[in-house]
Amino acid sequence: MLFRSDDYVRNLPRFFDPATGAVIEAQRDDGTPAFLFTEVTGYAIRELMTLYRLTGDVRHFDHAWRAGGWLLKSAASDEGWMRTRFYFDRDNDPDRTLYSFAHGNIFSFDNRICLNGLAALCEATRDLVLMHHLESHPDLLSLITPAQLVEGSLALGDRLADLVNDKGSVPSIFNPRTVEKELRFKEPRWSQIRGSFHAKIAEALSELYLYSQDKKHADAARRLCEFALTRQLPDGRFATDKEGNTQLHPHCYSAEGVLRTGQVLGEKRFVESARKATAWALSKCERGVIPQEYGPTIKKASPFRTDALSQVLRLGSRLMEAGHGDESWWKPLSALAGNVISMKDPKDGYYRYGFYEYQTPSKTVSYWTNNFAFSALLEYCAAWLCNNSTVLVLAGGIGSRCWPISCESNPKPLDRKST
């Protein structure tokens, strides 16, 4: 399997707006015009910080800082929420009403993704090396100071925590400028209803809790996960629409949210929920493919998307690495990893989106697909190494009895069963 992080890094410039540092999505297959993508900029910040830790290249941190400044200074509404998409000179178009900055609708899920990225930057403010670096770069400090970053992130976390009701749900889409506020749809998609996928907000609040130690953030995260668990069926899948069907993409969001919250807050039942959800998804894997939809009203197998396959790969790898998986998972995980790798463009090295209905390949090139694929393959490599490596600590000697170094007649055994 060929997994090259330099291919990923080489492709980063195609996904970012040089003026703002935000993720830019080019015109989509369906004709949607180019836009700055707030949600995916939140993903990018955390991934850029991961790249900084992996490579030590401070330019990744610089980029993450610029993107964080754009979120808090430009993407934020007057009420302090993160707006969704900025369509440049098309932002006021009437057919862009649902998503555009100008029309002011707020997606609670998108705010979660932004908060998760900002929480990573809050942690970075504790790094004296990075803070010294900032002091020597006034151009970065002119965008946002560490104090402004922390204040804005905590305020966003508080807003999200306050949004969670006693039952643990949040409105999917709302508009703080209107009387009704919460938007309701006649035939809603999974992303337009209160659902288990909002456990991803719990994940962000948990990450913020690691920084803030504010019980308010932890309590709201627990309520969100409790609500998500009411949508999980006995076989492990999360019902993601009102018909009881499961779309793989939000199913994985649900599992990701309860897993990370369970790990941060020490809630074993949340981790177990994620394990069951992942086991179900892997049971549907055939030759590295998992259908995008499953359930009582789904009449035929749907095509796969690279991002959703990557989510399952990442979930399974994280659980294996943490000791919560099963040895039988390695076969489908290996097949998933191979399929994700196969989605790399053979010439340019970016990861392709996947397929639409009737197996029509998508021509859309998205940052989040590449982000999910890179992250998943990184987690898979880490899990594989943990599973196939043994650490040997030599106590009080030079290892002279460790055959084949020496002492063939009376060696110290080094195989897994006897060490």
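What you see is a predicted model; the values in this text were computed from it and never measured.

**Q** Honestly, the packing of helix H11 (residues 268-283) against helix H12 (residues 306-321) in this entry has me stumped. Any pointers?
**A** Following both chains from N to C, one finds H11 and H12 inclined at 130 degrees, their axes separated by 10 Å at the closest point. Taken together, the axes of H11 and H12 lie oblique to each other. Two packed elements cross with a definite hand, and for H11 against H12 that hand is left-handed. The residues of H12 that touch H11, namely those facing Val 271, Ala 274, Arg 275, Thr 278, Ala 281 and Leu 282, are Val 312, Leu 315, Gly 316 and Leu 319. Its residues assigned to classes, the contact of H11 with H12 comprises seven nonpolar, two polar and one charged.

**Q** Looking at this structure, I do not really get the pattern of salt bridges. What am I missing?
**A** A pair can form between side chains of opposite charge whenever their charged atoms are brought close. Enumeration over the complete set of coordinates arrives at 24 salt bridges. Note that Glu 226 is salt-bridged to Arg 269, the shortest N-O span being 2.6 Å. With Glu 226 in helix H9 (residues 215-229) and Arg 269 in helix H11, the pair connects residues that are 43 residues apart, well separated along the chain. Here Arg 305 and Asp 307 are joined by a salt bridge, their closest N and O atoms 2.7 Å apart. The two residues Arg 305 and Asp 307 agree in class, both being buried. A cluster of three or more residues bridged by salt bridges with shared partners is formed by Lys 215, Asp 219, Arg 222, Glu 226, Glu 267 and Arg 269.

**Q** Where do I start with the layout of surface pockets in this structure?
**A** If a probe as big as a water molecule is rolled over the atoms, it shows which places are left empty. Counted as a void, the second largest pocket has a volume near 640 Å³. In terms of lining, the second largest pocket is formed by 26 residues, of which the most central are Arg 46, Arg 314, Arg 318, Ser 375 and Glu 379. Among the secondary structure elements, those contributing two or more residues to the lining of the second largest pocket are helix H2 (38-55), helix H4 (108-124), helix H8 (199-212), helix H10 (248-265), H12 and helix H14 (367-388). The element contributing the most residues to the lining of the second largest pocket is H2, with six residues. Considering only residue class, the lining of the second largest pocket consists of six nonpolar, seven polar and 13 charged.

**Q** Even after reading the chapter, I still don't get unusual backbone geometry, so can you show me in this structure?
**A** Excluding glycine, residues mostly carry a negative phi; peptide bonds, for their part, are mostly trans. One non-glycine residue with positive phi stands out, namely Gln 213, at about 55 degrees. With respect to the helices and strands, Gln 213 occurs in the loop between H8 and H9. Residue Gln 213 is classed as exposed on the basis of its relative accessible area of 52%. Positioned with a positive phi, Arg 287 is a non-glycine residue whose angle comes to about 55 degrees. Since its relative accessible area comes to 78%, Arg 287 is described here as exposed.

**Q** Would you explain H9 in this entry?
**A** One turn of an α-helix holds 3.6 residues; hence residues three or four places apart share an orientation. Under the 1.5 Å per step criterion, the end-to-end length of H9 is 21 Å for 15 residues, consistent within 8% with the ideal 21 Å. Restricting attention to buried positions, one finds in H9 the residues His 217, Ala 218, Ala 220, Ala 221, Leu 224, Cys 225, Phe 227 and Ala 228. Residues of H9 that are buried sit in contact with helix H7 (146-163), H8, H10 and H11. For H9, the N-terminal cap is Asp 214; the gap from its side-chain oxygen to the backbone nitrogen of Lys 216 is 2.9 Å.

**Q** Help me understand the side chain of Ser 366, please; the structure alone is not making it clear to me.
**A** With respect to the secondary-structure elements, Ser 366 resides in the loop between helix H13 (330-342) and H14. Within the structure, the side chain of Ser 366 is placed 2.6 Å from the side chain of Thr 369, a separation counted as a polar contact. Not counting residues up to four positions away in its chain, the partners in contact with Ser 366 are Phe 15, Glu 25 and Tyr 353.

**Q** In this structure, what is going on with the side chain of Asp 17? I would like to understand it.
**A** Turning to its location among the elements, Asp 17 is positioned in the loop between helix H1 (5-11) and strand S1 (24-25). The side chain of Asp 17 sits in the buried core without any salt bridge; Arg 66 is the nearest counter-charge, 6.8 Å away. Looking at Asp 17, its side chain comes within polar contact range of the side chain of Thr 20, at 2.8 Å. Other than its neighbours up to four places away in sequence, Asp 17 contacts Ala 22, Ile 24 and Leu 36.

**Q** Where do I start with the nonpolar core in this structure?
**A** Among soluble globular proteins, nonpolar side chains are generally buried collectively. Counting 115 residues, the largest nonpolar core has Met 49, Phe 61, Leu 205, Leu 313 and Tyr 367 as the members making the most contacts within it. Looking at this core element by element, the count peaks at 10 residues for H4.

**Q** Help me out: how do you make sense of the environment of Glu 180 in this one?
**A** Inspection of the secondary structure puts Glu 180 in the loop between strand S5 (173-174) and H8. Considered as a pair, Glu 180 and Glu 135 are 45 residues apart in the sequence and their alpha carbons are 46 Å apart.

**Q** Please clarify how the packing of aromatic side chains should be interpreted in this entry.
**A** Ring pairs (aromatic) are described by centroid distance and by the angle formed between their planes. If you walk through the whole model with that rule in mind, you get 21 aromatic pairs. Seen from their ring centres, Trp 81 and Phe 174 are 5.1 Å apart, and the 80 degrees between their planes marks the pair as edge-to-face. One end of the pair, Trp 81, is in the loop between helix H3 (58-75) and strand S3 (85-86); the other, Phe 174, is in strand S5, and 93 residues separate them in sequence. As far as the burial class goes, Trp 81 and Phe 174 line up, both buried. The interplanar angle of 65 degrees and the centroid separation of 5.5 Å between the aromatic rings of Trp 280 and Tyr 294 together place this pair among those described as edge-to-face. Linking Trp 280 in helix H11 with Tyr 294 in strand S7 (residues 293-294), this pair joins segments that are 14 residues apart in sequence. Counting every residue linked through ring pairs, the aromatic cluster contains Phe 35, Phe 37, Tyr 87, Tyr 353 and Trp 368. One residue, Arg 85, lies across the ring of Phe 37, its end atom 5.2 Å from the ring centre. Sitting above the plane of the Phe 372 ring, Arg 314 keeps its charged end 5.0 Å from the centroid.

Calculation criteria
- Residues numbered from 1 in each chain as written.
- Predicted model: local features only at pLDDT ≥ 70, side-chain atom pairs only at ≥ 80, totals over all residues.
- Heavy atoms only, no water.
- Axes fitted to C-alpha atoms, helices over the stretch in contact; angles between N-to-C directions.
- Helix = DSSP H or I, 4+ residues; strand = E, 2+ residues; numbered from the N terminus.
- Parallel < 35°, antiparallel > 145°, perpendicular 65-115°, else oblique.
- Left-handed = near helix turned anticlockwise from the far one by under 90°.
- Contact = heavy atoms within 4.5 Å.
- Nonpolar A, V, L, I, M, F, W, Y, C, P; charged D, E, K, R; others polar.
- Salt bridge = Lys/Arg side-chain N within 4 Å of Asp/Glu carboxyl O.
- Buried < 20%, exposed > 50% of the residue type's maximum accessible area, 1.4 Å probe, protein only.
- 1 Å grid on protein atoms, 1.4 Å probe; cavity = no way out; pocket = protein on both sides within 12 Å on 5 of 7 lines; lining within 4 Å.
- Points joined across faces, edges and corners; volume = space filled by probe spheres on them.
- Expected span 1.5 Å × (residues − 1).
- Polar contact = N/O pair within 3.5 Å; in protein donor to acceptor, adjacent residues only side chain to side chain.
- Lys, Arg positive; Asp, Glu negative; His and termini not counted.
- Core = buried A, V, L, I, M, F, W, Y, C linked by side-chain atoms within 4.5 Å.
- Phe/Tyr/Trp six-rings, centres within 6.5 Å; stacked < 30°, edge-to-face > 60°.
- Lys NZ or Arg CZ within 6 Å of the ring centre and 35° of its normal.

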